[in-house]
Amino acid sequence: MKALVWHGKEDIRCDTVTDPEIQDPRDAIIKVTSCAICGSDLHLFHNFIPGMLPGDIMGHETMGEVVEVGSGVDGKLKKGDRIVVPFTIICGECDQCKRGNFSVCETTNRKRHLADKVFGHTTAGLFGYTHLTGGYPGGQAEYLRVPFADATHIKVPAGIPDEQLLFLSDIFPTGWQAAAQCDIEPTDTVAIWGCGPVGQMAIRSAILLGANQVIAIDCLPERLSMAEAGGATTINFETESVLERLQELTDGKGPEKCIDCVGMESHVMASLPDTLLDRAKQMVMAESDRPHVLREMIYVCRPGGIISVPGVYSGLSDMLPMGAFMNKGLTMRTGQTHVNRWTDDLLRRIEDGEIDPSFVITHTVPLEQGPEMYQVFRDKRDSCVKVVLKP
């Protein structure tokens, strides 16, 4: 089959690889009908996340048709079922899964000894990601083996296009969880840093959850326009002071809820000296992340507020203002997304017409053009916000 394969830093190729096979009774094989490139894939593309090996198949936003099931799937799936595959691989049986904490499933990381050493405790296995999360082949391919398939799936109905359903795999529930863990109240201002795909979903989620005002912060015109179309007030951080504008928009109180949809790769600007220092430290391996957004959120958030972090961080972040964080009585909630905790509700909202997640798609191309589209997405060429690939 054809698949997008990691060969090293900034080297993704469309290769012919061996078709997946059933390896465990709980496995299923799907024929992929749609997949996507995620911002998290760019962290791997840049080799910022440790634990990638040449030959790893990329991708964790995938859907398709079941073509084979193992004997242990116990009727939960059958040949011909149409499913979205959550990026988190879950057993559905461990203590964390029973609590709904699916992204920290205690069973599915087949290389948990690595995660135990790096994180202190293992997290769930993830598709198409680092070997710290199991090294499972990803879904930017013609076929995908789904481990623990009796639990790791979202059945979706016929009659709704792939484009409306595909993002149940990651960015829609990720944006939703980012907003949900803010405990949004009707009087709240929610400020969201980063208007990429997850930020766009967080904007719409915050509005659906009843925020009084949503403020979106970015610098790319196409992303800011998309945010405005979703109901947000926008701030262009290249032409405006984020601190001053947030003060103006909140009567000097600061936003009650702040969401970081940027993560470890904050924009580097001469007008933001901390970002230059972070970049210099990265170059000498003294720091792995550029956490400017975290610093800024802690500074501007209203005392007693909540900071939500769906943005990915890989390791060490320097100069975080813990004094301000503690003295202001802030709460921070983080984590990979507990996809299956949210998807029943989100699927219903799609079916009821409350939201159509396909709004975020700007490019749809054949799988074979994937390597080129990684570069287009990275460079934000051609107003690229979200790429869908068709095997």
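Worth saying up front: this structure is predicted, and the values here are computed from it rather than measured. Residue indices follow the written sequence of each chain, beginning from 1 at its first position. Predicted model: local features are reported for residues with pLDDT of at least 70 only, side-chain atom pairs are reported and counted for 80 or more only, and whole-chain, interface and lining totals are derived from all residues. The basis for every side-chain value is the complete set of non-hydrogen atoms in the structure, without hydrogens or water.

Before going further, it helps to spend a moment on the packing of aromatic side chains. The aromatic pairing rule takes the rings of Phe, Tyr and Trp, using the six-membered ring of Trp, and pairs them if the centres are within 6.5 Å, calling planes under 30 degrees apart stacked, those over 60 edge-to-face and the rest tilted. With the rule as written, the count across this model stands at one aromatic pair. Criterion for a charge above a ring: Lys NZ or Arg CZ within 6 Å of the ring centre, and within 35 degrees of the ring normal. Taking NZ or CZ as reference, lysine 380 lies 5.2 Å from the ring centre of phenylalanine 377, over its face.

The term salt bridge refers to a pairing of a side-chain nitrogen on Lys or Arg with a carboxyl oxygen on Asp or Glu at a separation within 4 Å. Applying the stated criterion across every chain yields a total of 29 salt bridges. As a salt-bridge pair, arginine 13 and aspartate 11 come within 2.8 Å of each other at their nearest N and O atoms. To sort residues, take the accessible area from a 1.4 Å probe on protein chains only and compare it with the maximum for the residue type: under 20% means buried, over 50% means exposed, and anything in between is partly exposed. On the accessibility criterion, arginine 13 (39% relative accessible area) is partly exposed. Here lysine 281 makes a salt bridge to aspartate 318, at a shortest N to O gap of 2.2 Å. Pair noted here: lysine 281 is in helix H9 (residues 273-283) and aspartate 318 is in the loop between strand E15 (306-309) and helix H11 (322-327), with a separation of 37 residues, a long-range link. Overlapping salt bridges bring together Asp345, Arg348, Arg349, Asp352 and Glu354 as one network. Elements are defined by DSSP. Helices are runs of H or I of four residues or more, strands are runs of E of two residues or more, and each kind is numbered from the N terminus.

Turning our eyes to something else, we now look at the state of the cysteines. Cysteine sulfur atoms are paired as a disulfide whenever they fall within 2.5 Å. This structure, assessed with the given rule, holds zero disulfides. Here cysteine 91 stays free of any disulfide, with the sulfur of cysteine 105 as its closest cysteine sulfur at 3.7 Å. Exposure remark for cysteine 91: the relative accessible area of 3% places this residue in the buried category. Not part of a disulfide, cysteine 301 finds its nearest cysteine sulfur in cysteine 258, a span of 3.9 Å.

Looking now at helix H12 (residues 339-351). In this analysis, the expected span of each helix is defined as 1.5 Å times one less than the number of residues it contains. An ideal rise of 1.5 Å per residue puts 18 Å on 13 residues; H12 measures up with 18 Å between its terminal C-alpha atoms. We define the bend at any residue as the angle between the axes fitted to the seven residues before and including it, ending there, and the seven starting there. At aspartate 345, H12 shows its maximal bend, which comes to roughly 30°. Inspection of H12 places Val339, Asn340, Trp342, Thr343, Leu346, Leu347, Arg349 and Ile350 among the buried residues, and these make up the whole buried set. On its buried side, H12 packs onto strand E7 (88-89), strand E10 (154-155), helix H4 (162-165), helix H5 (171-180) and helix H6 (197-208). Residue glycine 353 follows H12 closely and has a positive phi angle near 80°. Between two residues, a contact is recorded if the distance between any of their heavy atoms is within 4.5 Å.

Annotation from UniProt places "domain: Alcohol dehydrogenase-like C-terminal" (unreviewed entry) at residues 197-269. The span residues 197-269 shows a helical share of 40% and a strand share of 19%, and its end C-alpha atoms are spaced 22 Å apart. UniProt positions are given in the numbering used here, feature names are shortened, and annotations may be inferred rather than shown by experiment.

In this fold, aspartate 188 is placed in the loop between H5 and strand E11 (189-193). Within polar-contact distance, the side chain of aspartate 188 engages the side chain of lysine 257 at 2.6 Å. The definition of a polar contact used here is a pair of N or O atoms within 3.5 Å, where within protein one atom must be able to donate a hydrogen and the other to accept one, and adjacent residues in sequence count solely through side-chain atom pairs.

What follows is about the environment of lysine 78. Positionally, lysine 78 belongs in the loop between strand E5 (62-69) and strand E6 (82-85). Exposure remark for lysine 78: the relative accessible area of 52% places this residue in the exposed category. For the pair formed by lysine 78 and glutamate 68, sequence separation is 10 residues and the distance between their alpha carbons is 7.6 Å. Each residue touching lysine 78, except ones within four places of it in the same chain, is listed here: Val66 and Val69.

Quick look at the sheet that holds strand E1 (residues 2-8) now. Reading across the sheet, the three strands line up as E2-E1-E4 and stay open at both edges, with antiparallel pairing between neighbours. Two strands in the sheet have a free side with no partner beyond their single neighbour: strand E2 (11-16) and strand E4 (56-57). Any two strands with at least two DSSP bridges between them are considered paired. Two strands pair when backbone bridges link them, and E1 and E2 are joined in this way by six bridges, in the antiparallel orientation. Considered in E2, the bridge of glycine 8 is made with aspartate 11. Sitting on the sheet, helix H13 (residues 370-379) is in contact with E1 and E2, with an inclination near 160° to E2. Fitted lines through C-alpha atoms serve as axes, helices being fitted only where they are in contact, and the angles separating the N-to-C directions of these axes extend from 0 to 180 degrees.

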